[in-house]
Amino acid sequence: MESSAKILGIETSCDETAGAVVENGTAILSSVVASQLATHGKYGGVVPELASREHLRAIVPVVRHALEQSRTHLQDLAAIAVTEGPGLVGSLLVGITYAKSLCFASNLPLIAINHIEGHIHAVVLEAGPKLEYPALALIASGGHTHLFEVREGFSYRLLGKTRDDAAGEAYDKVAKLLGFGYPGGPIIDQLAPHGDPHGVRFTLAHMKGNTLDFSFSGLKTAVLRWVQQHDLTAEIESRRRSQGASVEELLALTPQPTLDLLASFQHTVIEELLRRVAISIEEIGARSLIISGGVASNAGLRAAARSARLSCPVYFPTPALSTDNAAMIAAAAFPKLRAGNFADFSLRAQANLALA
Ligand code: KG4
Ligand code: ZN
């Protein structure tokens, strides 16, 4: 048996600067995430130029902190893993450049990780041997809504993806439209249980053909139409003026019909996701289901997936590993370390990198 392998993971694909040390792909020795929420919140979304600048500011202390917390020196590491894409190119570049310079200075191998594969490994890291293959992975975040078949040894086949907005993006856009803060997912998740999920009926356009693709832009437009038909100007304004308000304060500023709208929106998103999940499980004969990405922290989705009588068990990451972090990047790098699958210094940021 080889001695333990510690990998430093670095993640800067969007608006979190993250560093983590993971041992043998399973034990998180440290996981540090510096969120840029305070910077982007007031704009209602991520501003790419500001994101790169914040990553530049945070990357050195975040990585130092991750090493210190895990009591690890660079020379104790087996490799350094970094997110190669997909993501914002200026943000990815900060992590990649820093990872390269650390590898250059310490003579460590560099491992390139696809961010989506990282989200899958957030579950592999925790559920490990319980997972049976082939598995179905639903990755739902602010940037992606993808269904993959995951085979033994971590090879992937794309089964379906969103044709327009990602599920998290739909949450963020609906929240912004209604005067709630950013990101919208956690806010709507907390308010939805106070509304009637059947209060507003959304009829979604059927996509042509036998497809496992998703579409959320129609739902977003349906919400917009509902808002235009009901005069919500005053309540939206009052919420806009109360950015950073607690859930209780937001509840007080949100009349019942709007709570019903939020509950119905969330119900429809979950139904759309789980309908295609159920079909995919049968299609590939999946023996486990992995749900990961920011939207996987949604309490409604977790409850619905657990009670959906799917034909295989479902695994979610703990909430801290659902949203962007570097532990999942270090964990995804472990099989690549074993396989000697290293990157070199020509590694470049790939904004649209596909997993399969
Ligand atoms: O994975 P992530 O941190 O970053 C990306 O790779 O995009 O996901 C962030 C997204 C945001 O759109 C956010 O609104 C959504 O995940 N999100 C949620 C919840 N928590 C975060 N969506 C629904 N319910 C939640 N509880
Ligand atoms: Zn992500």
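This text gives an overview of the structure that appears in the document.

On to the packing of helix 10 (residues 256-284) against helix 11 (residues 299-306). Closest axis-to-axis distance for the helix 10/helix 11 pair is 10 Å, and the angle between their directions is 45°. One element, helix 10, and the other, helix 11, form an angle in the oblique class. When the axes of helix 10 and helix 11 are compared, the crossing they make is right-handed. Facing helix 10, whose interface residues are Gln-266, Ile-270, Leu-273 and Leu-274, helix 11 presents Gly-300, Leu-301, Ala-304 and Ala-305.

Time to look at the sheet that holds strand 3 (residues 27-35). Strand order across the open sheet formed by 5 strands is 3-2-1-4-5, with mixed pairing between neighbours. If you trace the sheet from one side to the other, it starts and ends with strand 3 and strand 5 (110-114), each paired once. If you compare each strand with its neighbour and ignore which way they point, the axes differ by 20° on average. Examined bridge by bridge, strand 4 (residues 79-85) and strand 5 share 5 bridges and lie parallel to one another. Directly across from Ala-81, in strand 5, lies its bridge partner Ile-111. Sitting on the sheet, helix 2 (residues 48-69) touches strand 1 (6-11), strand 2 (16-23) and strand 3, and the angle it makes with strand 2 is about 20°.

For the zinc ion (ligand 2), the full set of protein donor atoms is His-115 (NE2), His-119 (NE2) and Asp-324 (OD), and the range of their distances to it is 2.0 to 2.1 Å. Taken together, the 4 donor atoms coordinating the zinc ion (ligand 2) and their angles of 94 to 145° define a geometry best described as irregular. Donor residues for the zinc ion (ligand 2), ordered by position in the chain, follow H-x3-H-x204-D. Placement of the pair is His-115 and His-119 together in helix 4 (residues 115-127), with a separation of 4 residues, close to one helical turn. No difference in accessibility class separates His-115 from His-119, as the two residues are buried.

So, on to the nonpolar core. With 50 residues, the main nonpolar core has Leu-136, Phe-265, Val-277, Leu-289 and Ile-291 as its most contacted residues. When residues of this core are traced back to their parent elements, those giving at least two are strand 6 (135-140), helix 5 (167-177), helix 6 (184-191), helix 7 (217-229), helix 10, strand 9 (288-292) and helix 11. The biggest single contributor to this core is helix 10, with 11 residues. Ignoring any residue separated from it by four or fewer positions in sequence, one finds Phe-265 in contact with Ala-170, Tyr-171, Val-174, Ile-188, Phe-202, Leu-219 and Val-223. Core analysis: the next-biggest nonpolar cluster, separate from the first, contains 22 residues, Ala-20, Leu-321, Ala-326 and Phe-334 among them.

Here the focus is the packing of aromatic side chains. Enumeration over the complete set of coordinates arrives at 5 aromatic pairs. Relative to Tyr-156, the ring of Phe-148 has its centre 6.5 Å away and its plane inclined at 75°; by these criteria the two rings are edge-to-face. Seen from their ring centres, Phe-214 and Phe-216 are 6.1 Å apart, and the 10° between their planes marks the pair as stacked. For the pair Phe-214 and Phe-216, a shared accessibility class is recorded, and that class is buried.

Parameters and conventions
Residues numbered from 1 in each chain as written. Chains lettered and ligands numbered in written order. Predicted model: local features only at pLDDT ≥ 70, side-chain atom pairs only at ≥ 80, totals over all residues. Heavy atoms only, no water. Axes fitted to C-alpha atoms, helices over the stretch in contact; angles between N-to-C directions. Helix = DSSP H or I, 4+ residues; strand = E, 2+ residues; numbered from the N terminus. Parallel < 35°, antiparallel > 145°, perpendicular 65-115°, else oblique. Left-handed = near helix turned anticlockwise from the far one by under 90°. Contact = heavy atoms within 4.5 Å. Pairing = 2+ DSSP bridges. Donors = N, O, S within 2.8 Å, 3.2 Å for Na, K, Ca; no water. Tetrahedral: all angles 85-135°; square planar, octahedral: opposite > 155°, others 65-115°. Buried < 20%, exposed > 50% of the residue type's maximum accessible area, 1.4 Å probe, protein only. Core = buried A, V, L, I, M, F, W, Y, C linked by side-chain atoms within 4.5 Å. Phe/Tyr/Trp six-rings, centres within 6.5 Å; stacked < 30°, edge-to-face > 60°.

It is worth stressing that arrangement in space is one thing and function is another; only the former is reported here.
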